[in-house]
Structure formats: structure tokens, C-alpha cells
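As a plain string of letters, each chain reads:
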Amino acid sequence: MTHNQNSSETLWVFGDSMNTRCLLLIATLLFAPVPANAAKPVSDAATLKHYVDFGEFKEARILWTKMLKRNPNDADALVSRARVNLSLGNDQSANSDLNRALTIRKNFALALFFKAATFPDISKLKETKEASKAYLALTSKTSDLETHYRRAVVYSCIKDYKRSEQELQDILKKTASSEEEDVQLIRGLVQGRLSKFKEGLETFARLSARHPDSPVLLTYLAHCQASTGKFDAAIKNFSRVAELEPNDFYNEGAWGWALEKVKKPKEAILHYDKALKIQKNYLFGLRRRGICYSDLKDYRRAIGDFDRALLIDPDDTDTLSSRAYTYACLDRHAKAVDDYNRMVYLNPKDAYAWRELARAYANLSRWNDALVAINQSLKQAPKSAANLRVRGWIQGEMGNYAKAHADLNEAIRIDPKSPNAHFTSGVLFREEKQYAKSIAELTKAIQLDPKNEQSYCARGCSEVRASKYEDAIADCTKSIQLNSKRSHPYFSRGEAYLALGKHDCALVDFTKAIEFYPNYTDAYSKRAEVYQKLQKPQLASRDLEKVKQLEKR
């Protein structure tokens, strides 16, 4: 179980409104004619082109505002000022200008385009959908480069990613031989949008070499560097962009993401904080900060960020997935079920969401519901080793051992290098009291993933059942070395110490298990047994009374 549906999430493809914003930013840089009735068209046009090409949006906004004072009803100028305001994060001002432009010119395609691409919390979702529909209808027979790009943005806004990708592929075909900088700029962004990060890196490296102080080019260069694992270079460029544009919240968010990838969540939070001070409704920043808090086990703040993000976009499946994961960490599995149910409602063909829903039901011991959910996941992805492993686990918990082993064996056949199916198979064999087979399967899991603390713990538990107490102590100790804050390895090691008559050691371990899991009834029972051995009947009675209280809940 992970925070995000797409475990290979990259900086470029966020799966939320930031995805649209990456596409939208390029539309603020290109295809923007200066109004023909500007007082000084030649000098203004040249100045604006410089400002927009190199991301100097504040200066561009000042010029557009001067033009609008000369002609307040210039719809083109209103849209152009809205365009730079969107780049600056001034969505309210942008939306106001777009509404004015559409009042002056009802079927103004460019105004409809930016209206469609404005954040849903600024432009109501219904308005956004209406603008999207109107723009797509107006441009249905247009095939120039600009329109392909804008249609890709609009399709992304309405989450029709298949059509968005087709528009972007058409752009690549049309720009294959062009050396013009504007065309190369859009080509580089499209390469990133299509996850062709190495090609995008080459494109933006060439452009940045020609314009080393352009924050826009440095931003996209850094995006490509981060998406290809060149995090040090990316962080250096994000830092440079922050010097050039200190209030660029996209840059701060991207910088935070890169820091996450080098396992610096506390530093990442600082950049998300800054981004959210600039733009409070920054969906990507809220979700990623929530993930950082969750990773740091600050679950209250994590849930708070996810809740805020879902107020902005209630249908954002990445945020729903992250919140569900955090609920599971808090043992609030019913809440996790609600979020995963919402995900499958939004996309009934989402195999990941069905599988995680099955896990959530399983954590509530709702095995029949879990089986229905995992079968739905397998319907969408019948050759998924992960799906087969989860169904094998569920079948085993329901006592259907033959079916469980069949699923697990098939999962291993499909993905022989994955430790997960071996792990589940080892646990299942233990339930069947086939301890030698259990230990053998868990040994395979450890060989495939030697740093997984759960596999050592599980093998230690099976070794206790097989009376291999010294081996169990060694495995549980290894598990604790890898992660000292899990209760289970302390419990199993305590069982081994108890069996060997090392009562003081057993007492320490059972107490530690209870410290990490205060409702651990088996640990209280075993500690009571140790207290009896140590001739401390009052303490034993106290633990047994605690067991009775917990069992009544």
C-alpha cells in the first residue's frame, strides 16, 4: 500500500490540476498577439515578447494594464492580462478579466480556453466544464499548433487524458523538424508531458544554454532533471529560479518534490509551506505536504492537508488515495473504505483502487466484501501479480487454502522476483501449521528483499512455532534493527525468550510490544505468564484484567 496510485509519480505528471498548470504555463508563453490598437504597437510588441518569453510576468502585467487604461473594452488585452495573472498565481484577477472579455465577445475561443483552465475553486466546476465544452466545440475543425496544444490542456482539465495525449502526439509530429525557439519550447514541454524526460532534458538544456537567466526555461530544465533522477542538478536550478522569481509557487512545489525524492521530507515541507503562503489553494503542494507529514507520522496534520486539498477538488483520486493510506496508518479502516469507494465510483476501471479497497475491507475482517473488491480488480488486471497475491491472502483468511495457494503460485509465476507472494505464502503455510514450508517461503522473500523487516519478523514467528528459538531470536533482532518501532518482532522474540526460560528478557520484549501497540491482548497475556513465572501474581492479575477489558470492546 502506498500514498499514491501511481507509484512512479514524476514531478511532471502530477495527476491533478498541477498537471493542467504545467500545460497551461506554456500557453501563457506562446501564441499571444499584442492588440492591434495598442498606442505604441511596435515597441510594446517587442517589449511584451521579451517579457513573456523569459517569464517576466510582473512587467508584462504592468504593460497590459497600461494598454487597458487606454482601451478598457479590449477583449484581447483582457485575456492577455489574465494569462500573465494565471502565471503569477493571481487566479481571482485572471478570472475577472476573462469574464469581462467574454461579456465583450461571447464566443472568444482564447477566453474560453483560459476560463476552462482556471482552478475549479476559482471558476466553479460547472463553469469550467461549460467553458471546456464550448472551447472544444469552437475548435473542432482547427488543426494548427496552438489549437492542438490548447485542446490538450482542456482535455486534461476535464480528465480526458487519452485525448489530451493524442493532441500532444500530434504536436510532436508537426514540430519534428523545426528549429525555431518557440516551437522547441513547446516541443520540450510536450516531451515532458509524455514522460519523454531524456528528450525534454536535451531540449531545455539547449534552450537554457542560449538564455541562461530565463526562469521559465530553468524551471522546465529542473523538472526534466528531477524526473530523470538528477536531483542535485535539479535542486540547484530550483534554487536559481527562486532567486530570479522568489514568489513562484510552482517552483517551490517542484523543489519540495525533489527534496522528497532525496529523503528530506522536513526540508520539503518548508518549500511546500512557502508555496502555500503564495497560493493557498495549491492542490499539489497540499497533497505532497500531507504525504510528508504522513511519512513523518504526523497524521493529524496530514489528514488536515488532505481534507483541504479535497475541498479544492473532491474528485482528485491521488489525494483520496493518500488520505486513505493515512487513515489505515491510524487504524481508521472504515474511513479508508469510504475513500477507496469514492475512487472506484469515480473510475470503476481503476484496478489499483479496487485492490486497495479490498485491503481496507480485509483490515476490517469483512472478508466477503474484500473478495468481491479484489475480484473486481482482477477483472481489470487479470495478470496482475499484486492482485493475485492479495486474493491469495484473502482466500487464506477465509480458509480457502487450495484457492489461496493457487493464486499465490500464479503470482510467483508471473513475477518470480517479487518477494511479496513468497511472504504471503509463508504466512499462509504457518496458518496451516506447515512450519518448514513457511520458513522456506519466507527465506525466499528475504533473499529477494533483504532489508524488509516484516519478512524477518514473520520468519521469526514461524521459527517460534517450529521450536527453533535461537533462530527466531536472531530473525526478530534483525527485524528490530531494521525498524525498532514495530510491536510484532518484540512479541515473537519475547515468546522465544519465554520458551528458553529467559524471563527477564521476555518481560522486556512483551512490555516493548505493548508500548508500541497498547491494545495488544496477546502481549498482555504473555506478560502475565512471565509475571507468574517471576512470582509477581499481582502484576499478572493486572495484565489479565486488561485482557478482559480489551476483549469486551
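None of the values given here were measured: they were computed from a predicted structure. (Residues numbered from 1 in each chain as written. Predicted model: local features only at pLDDT ≥ 70, side-chain atom pairs only at ≥ 80, totals over all residues. Heavy atoms only, no water.)

Moving on: the overall build of the chain. If you tally the helices and strands in the chain, you get 31 helices and 0 strands. Counting over 553 residues, the chain shows a buried share of 54%. If you take every contact in the chain between residues at least 6 apart in sequence, the share linking residues at least 24 apart comes to 52%. Here the chain has roughly 25400 Å² of accessible surface; of this, 49% comes from carbon and sulfur atoms. (Helix = DSSP H or I, 4+ residues; strand = E, 2+ residues; numbered from the N terminus. Buried < 20%, exposed > 50% of the residue type's maximum accessible area, 1.4 Å probe, protein only. Contact = heavy atoms within 4.5 Å. Areas by Shrake-Rupley, 256 points an atom, 1.4 Å probe, with all protein chains shown as cover.)

Time to look at the packing of aromatic side chains. Here the structure, examined in full by the defined rule, presents 14 aromatic pairs. Residues Tyr517 and Tyr520 carry aromatic rings whose centres are separated by 5.4 Å and whose planes lie at 40° to one another, so their mutual orientation is tilted. The class for Tyr520 is buried, based on a relative accessible area of 10%. Three or more aromatic residues link up through ring pairs in this structure, and these residues are Phe249, Tyr250, Tyr272, Tyr282 and Phe284. Above the plane of the ring of Phe108 lies Arg105, whose end atom (NZ or CZ) is 4.0 Å from the centre. When the ring centre of Phe113 is taken as reference, the NZ or CZ atom of Arg150 above it lies at 5.9 Å. (Phe/Tyr/Trp six-rings, centres within 6.5 Å; stacked < 30°, edge-to-face > 60°. Lys NZ or Arg CZ within 6 Å of the ring centre and 35° of its normal.)

On to the packing of helix α26 (residues 453–465) against helix α27 (residues 469–482). At their nearest, the axes of α26 and α27 sit 8 Å apart, and the two run at 160° to each other. The orientation of α26 relative to α27 falls into the category roughly antiparallel. Note on packing geometry: the crossing formed by α26 with α27 is left-handed. When α26 is examined against α27, the residues Glu453, Tyr456, Cys457, Arg459, Gly460, Glu463 and Val464 are found in contact with a partner set consisting of Tyr469, Asp471, Ala472, Asp475, Cys476, Lys478, Ser479 and Leu482. Partitioned by chemical class, the residues of the contact of α26 with α27 number 7 nonpolar, 2 polar and 6 charged. (Axes fitted to C-alpha atoms, helices over the stretch in contact; angles between N-to-C directions. Parallel < 35°, antiparallel > 145°, perpendicular 65-115°, else oblique. Left-handed = near helix turned anticlockwise from the far one by under 90°. Nonpolar A, V, L, I, M, F, W, Y, C, P; charged D, E, K, R; others polar.)

Turning next to the nonpolar core. With 49 residues, the main nonpolar core has Val79, Phe108, Tyr149, Val190 and Phe204 as its most contacted residues. With sequence-adjacent residues up to four places away left out, Val190 is seen in contact with Tyr149, Leu168, Ile171 and Leu172. (Core = buried A, V, L, I, M, F, W, Y, C linked by side-chain atoms within 4.5 Å.)

The end-to-end C-alpha separation of α26 is 19 Å, in line with the 18 Å expected for 13 residues at 1.5 Å each. Counting buried positions along α26 gives 11 out of 13 residues, so the element sits mostly inside the fold. The set of residues buried in α26 consists of Glu453, Ser455, Tyr456, Cys457, Ala458, Arg459, Gly460, Cys461, Ser462, Glu463 and Val464. Elements that come into contact with the buried residues of α26 comprise α24 (419–431), α25 (435–448), α27 and α28 (487–499). The N-terminus of α26 is capped by Asn452, whose side-chain oxygen sits 2.9 Å from the backbone nitrogen of Gln454. Just downstream of α26 lies Ser467, where phi reads positive at about 65°. (Expected span 1.5 Å × (residues − 1). Polar contact = N/O pair within 3.5 Å; in protein donor to acceptor, adjacent residues only side chain to side chain.)

What follows concerns the packing of helix α4 (residues 75–88) against helix α5 (residues 91–104). Closest axis-to-axis distance for the α4/α5 pair is 8 Å, and the angle between their directions is 160°. By the criterion of interaxial angle, the relationship of α4 to α5 is roughly antiparallel. Handedness of the α4/α5 crossing: left-handed. Residues Ala75, Leu78, Val79, Arg81, Ala82, Asn85 and Leu86 of α4 touch α5, and the partners they reach there are Asp91, Ser93, Ala94, Asp97, Leu98, Arg100, Ala101 and Ile104.

Pairing between side chains of opposite charge can happen when their charged atoms approach one another. Per the counting criterion, the structure on display carries 28 salt bridges. Taking the shortest distance from any N to any O, the salt bridge between Asp273 and Arg289 comes out at 2.7 Å. Placement of the pair is Asp273 in helix α15 (residues 265–278) and Arg289 in helix α16 (residues 283–295), with a sequence separation of 16 residues. Residue Arg289 is classed as buried on the basis of its relative accessible area, which comes to 11%. Within this structure, Asp213, Arg240 and Glu243 form a network of salt bridges that share partners. (Salt bridge = Lys/Arg side-chain N within 4 Å of Asp/Glu carboxyl O.)

It is worth spelling out helix α14 (residues 249–261) at this point. When the terminal C-alpha atoms of α14 are compared, their 19 Å separation across 13 residues agrees well with the 18 Å that a helix rising 1.5 Å per residue should span. Most of α14 is tucked away: 12 of the 13 residues are buried. Looking at α14, one finds that the buried residues are Phe249, Tyr250, Asn251, Glu252, Gly253, Ala254, Trp255, Gly256, Trp257, Ala258, Leu259 and Glu260. The N-terminus of α14 is capped by Asp248, whose side-chain oxygen sits 3.0 Å from the backbone nitrogen of Tyr250. The first or second residue beyond α14 is Lys263, which carries a positive phi of 60°.

Attention shifts here to the confidence of the model for the chain. Note: predicted coordinates in regions of low pLDDT should not be interpreted at a detailed level. The predicted model of the chain has a mean per-residue pLDDT of 86, with 88% of residues at 70 or higher. Mean pLDDT values for the elements of the chain range from 45 in helix α1 (residues 17–29) up to 98 in helix α21 (residues 367–380). Every residue in residues 5–43 scores below 50 in pLDDT, and together they form 125 contacts with partners more than four places removed in sequence or on other chains. (pLDDT = per-residue confidence, 0-100.)

Time to look at the side chain of Asn237. Mapped onto the fold, Asn237 is located in helix α13 (residues 231–244). When neighbours within four sequence positions are excluded, Asn237 is seen to be in contact with Leu218, Leu221, Ala222 and Gln225.

Position of Ser479 relative to the elements: it lies in helix α27. Residue Ser479 is classed as buried on the basis of its relative accessible area, which comes to 0%. Excluding residues that lie within four positions of it along the chain, Ser479 makes contacts with Glu453, Tyr456, Cys457, Arg486 and Pro489.

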